[in-house]
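For reference, the chains in residue letters:
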Amino acid sequence: MRTPEDIFKQETEIPDIVQSKLNAAFSSIKTEEAEMSKKKKSFFKRPAAIATAAAVVVLAAGTAFAAANGFWSSALNGILPEDVVSQQALESQGYMAHFEENSSNGLSTVTDAGVSITPVDVICDGTYGYIVFSVEGFEIEDGEEPNVGGLSLYTGNDRINGGVSGGGNFYPGYTLTEERLDHYDNGDPMEWKDEDHLLYLPKYYNEDGQLEYVVYFHENPNAESLIGKNLHVSFDGLGISSGKAEMEVTVPGEWNFDITLPGNDSTRTISLKEKVEGSDYILDTVEISPLSVKAHFTYDGTERGTNDADLIPFITGVCMEGGSWWIPSGGGSSGFSDETRTNAFGFDGFGKVLDPDSITSIRFSCNPNPGESTVAVIDLD
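All values reported here derive from a predicted model rather than from experimental measurement.

Procedures and definitions
- Residues numbered from 1 in each chain as written.
- Predicted model: local features only at pLDDT ≥ 70, side-chain atom pairs only at ≥ 80, totals over all residues.
- Heavy atoms only, no water.
- Salt bridge = Lys/Arg side-chain N within 4 Å of Asp/Glu carboxyl O.
- Helix = DSSP H or I, 4+ residues; strand = E, 2+ residues; numbered from the N terminus.
- Buried < 20%, exposed > 50% of the residue type's maximum accessible area, 1.4 Å probe, protein only.
- Pairing = 2+ DSSP bridges.
- Axes fitted to C-alpha atoms, helices over the stretch in contact; angles between N-to-C directions.
- pLDDT = per-residue confidence, 0-100.
- Contact = heavy atoms within 4.5 Å.
- Polar contact = N/O pair within 3.5 Å; in protein donor to acceptor, adjacent residues only side chain to side chain.
- Core = buried A, V, L, I, M, F, W, Y, C linked by side-chain atoms within 4.5 Å.

What follows is about the pattern of salt bridges. Working definition: two side chains of opposite charge can pair if their charged atoms are close together. Under the criterion given, the structure shown has four salt bridges. A salt bridge links Glu191 to Lys203; the nearest nitrogen and oxygen atoms lie 3.1 Å apart. With Glu191 in the loop between β7 (165-170) and β8 (211-218) and Lys203 in the loop between β7 and β8, this residue pair connects regions lying twelve residues apart in the sequence. For Lys203, a relative accessible area of 31% translates into the label partly exposed. In this structure, Arg268 engages Asp381 in a salt bridge whose closest nitrogen and oxygen atoms are separated by 3.0 Å. One end of the pair, Arg268, is in strand β11 (residues 268-275); the other, Asp381, is in the segment after β19 (374-379), and 113 residues separate them in sequence. With a relative accessible area of 76%, Asp381 lands in the exposed category.

This next bit is on the sheet that holds strand β12 (residues 281-288). Strands sit in the order β11-β12-β13-β17-β16 across an open sheet of five strands; the sheet is antiparallel. The two strands at the open ends of the sheet, each matched to only one other strand, are β11 and β16 (332-336). Adjacent strand axes in the sheet meet at a mean angle of 15° when their direction is disregarded. Bridge count between β12 and strand β13 (residues 292-299): seven bridges; the pairing is antiparallel. Within the sheet, the bridge partner assigned to Leu283 lies in β13 and is Phe297.

Let us look at the confidence of the model for the protein chain. Counting all residues, the mean pLDDT for the protein chain is 80, and 77% of those residues have values of 70 or more. A low-confidence stretch, residues 102-106 (pLDDT under 50), is modelled with eight contacts involving residues beyond four sequence positions or located in other chains.

Right, let's get into the environment of Asn147. In this fold, Asn147 is placed in strand β5 (residues 145-148). Since its relative accessible area comes to 23%, Asn147 is described here as partly exposed. Along the backbone, Asn147 and Val249 are 102 residues apart, and their C-alpha atoms lie at a distance of 8.6 Å. Beyond its immediate chain neighbours, meaning those up to four positions away, Asn147 contacts Phe170, Gly237, Leu238, Gly239, Ser241 and Met247. A polar contact of 2.9 Å, which involves the side chain of Asn147, links it to the side chain of Ser241.

Okay, the side chain of Thr175 next. In this structure, Thr175 sits in the loop between β7 and β8. We classify Thr175 as buried; its relative accessible area is 11%. Among the polar contacts listed, one links the side chain of Thr175 to the backbone oxygen of Gly78, at a separation of 3.3 Å. In this structure the side chain of Thr175 is engaged in a polar contact, spanning 2.8 Å, whose partner is the side chain of Asp185. Setting aside chain neighbours within four positions, we find Thr175 in contact with Gly78, Ile79, Leu181, Asp185 and Gly351.

Bringing the pairing of β5 into the picture now. Working note: regular strand, side chains alternate between the two faces of the sheet. The side-chain alternation of β5 yields one buried face, formed by Pro146 and Val148, and one unburied face, formed by Glu145 and Asn147. Where β5 lies against strand β9 (residues 230-243), four bridges are found, and the strand directions are antiparallel. Across the sheet, the residue bridging to Glu145 is Ser241, located in β9.

Here the focus is the nonpolar core. Grouped together as the largest cluster of nonpolar side chains are 31 residues, with contacts concentrated most on Phe138 and Phe235. Contributions of two or more residues to this core are made by β3 (115-124), β4 (128-136), β8, β9 and β10 (246-260). Excluding anything up to four places from it in sequence, Phe235 contacts Ile117, Phe133, Val148, Gly150, Leu151, Tyr213, Val215, Gly253, Glu254, Trp255 and Phe257. Counting 27 residues, the second-largest nonpolar core is a separate cluster that includes Met320, Phe336, Ala344 and Cys366.

Here's what the structure looks like:
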């Protein structure tokens, strides 16, 4: 079996000083791998799984280069695990890729109205994903909140029927977690908008002086995998948000991209067949990827519930080893899986990369009756 060093040396010619730094990085990786091998199993240490469909994507500098050298954008680094070993596993298993401008994958910078936008990174599990774009030439002042006038996402050439759910935002320099933040993602101490330290002060420019825009997208869990599909991303105008969901377009323009999505749709799948208390549903299976969680249900109640999607349990949290809870914040959906309305699903993106093997329980909110809400927790082991 080839080591990361062998793969890199075979594919890339590099200067001695860079090779020296790489050797040090790989040595650090081996030490960390040895320490991790003493601990319980991790999804990130499994053999690289084969996705149902793999897109051909040219990486910037070889399989092990990005993770070993902090090559990822600031925004993607914010949602990734901190340890290099897990980042390297995500990359080698095909979950994420770094785009090279003007490479054979067809991606390149688009410039309009003096602003250049470039796809940088992508991570996708077949149902849920992120794309990070760098934005140059769009200037903002301190205290201003940059925004996009319009964002369009669809697969193939069908703008009407190929629509993909999602959204986006300019990366503020931090990634929200369940706990109060005391520093930005780059390690700098947190600064505040107010004296009471209730509102984080965004830092939109990264260390290279660029803005980064993060697009998140997701498909119905029962639809075909997004891997290998062409995702059209269109930005229509840039401007400054003025509050109350209003914004002023200061840079009229249009930036269009067609991106063939890479990714890996491998999941940790758990068969359960457990009643979700407070609902008329049986939880059949749970599928967990590093980016999202899907729950599949069978209806086991009266005729009333087969006509009311609001009665389907929806995911409100996952419990990690050690007892801490993570509330999914990436956006999701629920609904009926087929016309019989006896099969249903719930889905949500984590908003951060998690280790599926470290998730021990899943929490649902149920609506047994109008105006009534209950909570059900189901253990996965």
